[in-house]
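Remarks on the overall topology
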Amino acid sequence: MTVSELKHILDSLCNLTAENEIVEFKEAKSGYDFNKLGKYFSALSNEANLKGKPYAWLVFGVENMKHRIVGSHFRPQRKDLDSIKSELANKTTNRITFIEIYELNEPEGRVVMFQIPAAPKGFPIAFDGHYYGRDDEELSPLNLEEIERIRAQATTEDWSAAIIPDAKVEDLDEEAIALARRNFKNKFPERTAEVEAWDDSTFLNKAKITIKGKLTRTAIILLGKEESEHFINPAEAKIRWLLKDVNGNDKDYAIIGCPMILAVDKVYAKIRNLKYRYIKEGTLFPDEVNQYEPYSIREALNNCIAHQDYTKHGRINVVEMDDQLIFTNYGSFIPGSVEKVVKEDAPEEHYRNRFLAAAMFNLKMVDTAGGGIKKIFNFQRERFFPMPDYDLSGGKVKVTISGKVLDIEYARLLARNKDLTLEEIIMLDKVQKKQILPEFEEKHLKTKKLIEGRKPNYFIGLKVVAKTGQKAAYSKNKAFDKAYYLDLIEKSIREHISLERSDVDELLWNKLPEWMDEKQKKIKINNLLSELRKNNKIENKGTLKMPKWVLINKTN
């Protein structure tokens, strides 16, 4: 969005005679409480849904009475502002977060504009487990009637079940119907003889692809001829495969349309599932595996088809890179969180396309929700590859499956620690990737002594290190006792008579833990010197800008 567009939007919002349920102004001159921000996100998202609006606005740096710009210093660094997206997602339903966060530097001061998406149809948005709304201008719990009104949206309409009056069985692909029959018999082998006796119309009804002989949107998506896609216009049933080189440049592409039951194998055939070699601990011979488990590719693709929000009129995308596959589809992640799906390993109660999902289950294209996703995680675990990454922001579901070992030492950690649960491996995988851990995951890993260090720079703990032989890596991350550093400074000053600040930095820099960044190391050294000074061990014979530290002679 351009600066002029943002200014126009800000002017429009400020010209409102008062705040309404989908606009909130806050001065936030020096900062703003995160929990309050999360509550307003939930409230504004739910109200936008109830008012039929695509999004709402939370504006910092504008006072709420006369809408004058007063300027905000909330998270002045852009990286800190962007990080709030993931911080918020860790506490919201479906990990929904801001569409975008904009900054406007006006003459009167800085304005921060949070664009908040409307809650998806059927799913009110909670923050930290609670639903919020607006009562006129006041923040309040979302009342039961409003919660049920949003939830009812999911039950009143299933886009995929709609009947297409003009479509006929002749508009379906014969090869696709034949494959559907084979898959159905494979799924329900006890019904094989029965299925053989069915004509196509009976089979399509029994497989829940048609309704009383009438073709549905599901029938066109899964079994329709390529030229039959117009029946679901303006929706699309297409998968775009894109191959990129190591520099991110496009090398090849293909767009594959209906029928989707055949499209999955066509896309799979495009993907170069190369061999990956790595040397396991205790042997000089490389282990050779496919970069990707075939099941994982097909499951990810079929999930995209089943859960695509076809009302968004977009395509499913598969991006193949040198060492990873990226799958994206439109729509929020209805189960809420990936960790919840993996942990519960049970069918989800709600589906965006219930009719389509049921048909795909009958045709053995998808497992019940949760089971398939958990299998992908376990296949990655067996290879010692990083866990799949799920990005649920921006109204899309983006799944990244890695095709290589990210850290060989971490891979060996997984190989040796057979007692780690899959949930713990997912948590430790975030540590490996330097991702932010939710509070309950931090607490769990710390309680079990699986991680050490300070937030956000955690590292694998001694309990795990003892089993994996990572003692050298552990020592690099684990700080020495404070007494060691203090003694080292004193001994060095005694040896050299005096030390400048640069000398102290050089003395300690590589002995401080690797998880510390440059700023943290400087603060640590400052604190050590201050402690020695306060304890009358050393004194500064130089200046504040050019200190020269010497020992205090206590005999004088």
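For the structure, see preceding data.
What this report covers is the structure whose coordinates are included nearby. From a predicted model like this one, the values you see are computed outputs, not experimental measurements. Position numbers for residues start from 1 in each chain and track the written sequence from start to end. Residues qualify for local features only when their pLDDT is at least 70, as the model is predicted, and side-chain atom pairs are given and counted only at 80 or more; totals for whole chains, interfaces and linings, by contrast, use all residues. To get the side-chain values, all heavy atoms of the structure are used, and hydrogens and water are removed first.

1. Focus on the overall build of the chain
- Segments assigned H or I by DSSP are reported as helices when at least four residues long, segments assigned E as strands when at least two residues long, and all are numbered from the N terminus. Tallying secondary structure elements over the chain gives 21 helices and 22 strands in all.
- Burial classes follow relative accessibility: with a 1.4 Å probe on protein chains only, a residue under 20% of its type's maximum area counts as buried, one over 50% as exposed, and anything between as partly exposed. Scored against the burial criterion, the 556 residues of the chain give a buried share of 48%.
- Residue pairs at least 24 apart in sequence account for 62% of intrachain contacts in the chain once pairs closer than 6 positions are excluded.
- Using a 1.4 Å probe, accessible areas were evaluated by the Shrake-Rupley method; residue-level cover was limited to the displayed protein chains. Within the structure as shown, the chain displays about 28,200 Å² of accessible surface, and the carbon and sulfur contribution to it stands at 49%. Contacts are assigned to residue pairs that have any heavy atoms within 4.5 Å of one another.

2. Observations regarding the pairing of strand E15 (residues 324-330)
- Within E15, 5 of the 7 residues are buried, leaving the element largely enclosed by the surrounding structure.
- When DSSP finds two or more bridges between a pair of strands, those strands are recorded as paired. Here strand E14 (residues 316-320) runs beside E15; their pairing, made up of 4 bridges, is antiparallel. Bridging across to E15, Val318 finds its partner in Phe327.
- Where E15 and strand E17 (residues 396-402) come together, 7 bridges link them in antiparallel fashion. Paired with Asn329 across the strands is Val397, a residue of E17.

3. Focus on the nonpolar core
- Formed by 78 residues in total, the largest nonpolar core has its most connected members in Leu222, Leu223, Ile305 and Leu363.
- Setting aside anything within four residues of it in sequence, one finds Leu363 in contact with Ala180, Asn183, Phe184, Phe203, Ala207, Ile209, Leu222 and Ile261.
- Core analysis: the second largest hydrophobic core is formed by 41 residues, Leu6, Tyr40, Leu81 and Ile116 among them. What makes a nonpolar core is a set of buried Ala, Val, Leu, Ile, Met, Phe, Trp, Tyr and Cys residues whose side-chain atoms join them at distances within 4.5 Å.

4. Some remarks on the sheet that holds strand E4 (residues 109-117)
- Spatially, E1-E2-E4-E3 is the arrangement adopted by the 4 strands of the open sheet, whose pairing is mixed. The sheet terminates laterally at strand E1 (23-26) and strand E3 (100-106), the two strands that pair on one side only. Neighbouring strand axes in the sheet, compared pairwise and without regard to direction, differ in orientation by 20 degrees on average.
- Examined bridge by bridge, strand E2 (residues 55-60) and E4 share 6 bridges and lie antiparallel to one another. By the bridge assignment, Ala56 is partnered in E4 with Ile116.
- Every axis corresponds to a line fitted to the C-alpha atoms, with the helix fit spanning only the stretch in contact, and the corresponding angles, defined between N-to-C directions, vary from 0 to 180 degrees. Set on the sheet, helix H1 (residues 3-14) makes contact with E1, E2, E3 and E4; between it and E3 the angle comes to about 85 degrees.
- Strands in contact with helix H3 (residues 78-89) are E3 and E4; relative to E3, the strand with the most contacts, it is inclined by about 150 degrees.

5. Some details on unusual backbone geometry
- With an omega of 10 degrees, the peptide bond running from Asn233 to Pro234 counts as cis.
- For Pro234, the location among the structural elements is in the loop between helix H8 (217-223) and strand E10 (239-244).
- Pro259 follows Cys258 through a cis peptide bond whose omega is 0 degrees.
- If you trace the backbone, Pro259 turns up in the loop between strand E11 (250-256) and helix H9 (260-270).
- In this structure, Arg75 is a non-glycine residue whose phi angle is positive, near 40 degrees.
- One can find Arg75 in the loop between E2 and H3.
- Even without a glycine there, the phi angle at Lys208 is positive, about 60 degrees.
- Assignment of secondary structure puts Lys208 in the loop between helix H7 (200-206) and strand E8 (210-211).

6. Quick look at the pairing of E17
- Burial analysis of E17 places 5 of its 7 residues in the buried class, which makes it a mostly covered element.
- In this sheet, E17 lies alongside strand E16 (residues 389-391) in antiparallel orientation, the contact comprising 3 bridges. Counterpart to Asp389 in the pairing with E17 is Thr400.
- Between E16 and E17, which pair antiparallel one after the other, the connecting turn spans 4 residues, and Gly394 there sits at a positive phi close to 70 degrees.

7. Quick notes on the sheet that holds E14
- Here we have 6 strands laid out as an open sheet, ordered E11-E10-E14-E15-E17-E16, and mixed in their pairing. Where the open sheet ends on each side, the last strands, each with one partner, are E11 and E16. Averaged over neighbouring strand pairs, the angle between their axes works out to 15 degrees when direction is ignored.
- Sheet contacts for H9: E10, E11 and E14; angle to E11, the most-contacted strand, approximately 165 degrees.
- Strand contacts of helix H10 (residues 294-307): E10, E14, E15 and E17, with the helix running at about 15 degrees to E15, the strand carrying the most contacts.

8. Quick word on helix H15 (residues 422-432)
- With 10 of 11 residues buried, H15 lies mostly within the body of the structure.
- Every buried residue belonging to H15 is among Leu422, Glu424, Ile425, Ile426, Met427, Leu428, Asp429, Lys430, Val431 and Gln432, and all of these are buried.
- Two residues or fewer past H15, Lys434 is found with a positive phi of approximately 60 degrees.

9. Looking at the packing of aromatic side chains
- Ring pairs are drawn from Phe, Tyr and Trp, using the six-membered ring of Trp, whenever the two centres fall within 6.5 Å, and their geometry is named by plane angle: stacked under 30 degrees, edge-to-face over 60, tilted for the rest. The tally for this structure, following the rule as stated, stands at 15 aromatic pairs.
- A ring pair is formed by Trp57 and Tyr102, whose centres lie 6.3 Å apart and whose planes are at 40 degrees; its orientation type is tilted. Taken together, the positions of Trp57 in strand E2 and Tyr102 in strand E3 put the pair 45 residues apart, joining distant regions of the chain. Here Trp57 and Tyr102 have matching classes, each one buried.

10. Some points on H1
- Helix length check: H1, at 12 residues, gives a terminal C-alpha distance of 16 Å against a target of 16 Å (1.5 Å per residue), a fit within 8%.
- Those residues of H1 not exposed but buried are Leu6, Ile9, Leu10, Leu13 and Cys14. The buried residues of H1 occupy one face: seen down the axis, they fall within an arc of 130 degrees. Exposed side of H1, more than 90 degrees from the buried face: Ser4 and His8 are the residues found there.
- In the core, the buried residues of H1 are packed alongside E1, E2, E3 and E4. By this rule the span expected of a helix is its residue count minus one, scaled by 1.5 Å. This arc is built from the directions going out from the helix axis to the C-beta atoms.

11. What to know about the side chain of Ser402
- With respect to the helices and strands, Ser402 occurs in strand E17.
- Here Ser402 falls in the buried class, since its relative accessible area comes to 14%.
- Polar contact is defined as a pair of N or O atoms within 3.5 Å, subject to the rule that within protein one atom must be able to donate a hydrogen and the other to accept it, and that residues adjacent in sequence are counted only when both atoms are side-chain atoms. There is a polar contact of 3.3 Å between the side chain of Ser402 and the backbone oxygen of Lys404.
- What Ser402 contacts, discounting residues up to four positions off in sequence, is Gln291, Tyr292, Asp323, Gln324, Gln380, Phe385 and Pro386.

12. A few points about the pattern of salt bridges
- Between Lys or Arg on one side and Asp or Glu on the other, a salt bridge is scored when a side-chain nitrogen of the former is within 4 Å of a carboxyl oxygen of the latter. Using the criterion set out here, one finds 31 salt bridges in the structure.
- One salt bridge in this structure joins Lys85 and Glu100, with 3.1 Å as the shortest N-O distance. With Lys85 in helix H3 and Glu100 in strand E3, the pair connects residues that are 15 residues apart, well separated along the chain.
- Bridged by salt links that share partners, the residues Arg78, Asp82, Lys85, Glu100, Glu103 and Arg110 form one connected network.

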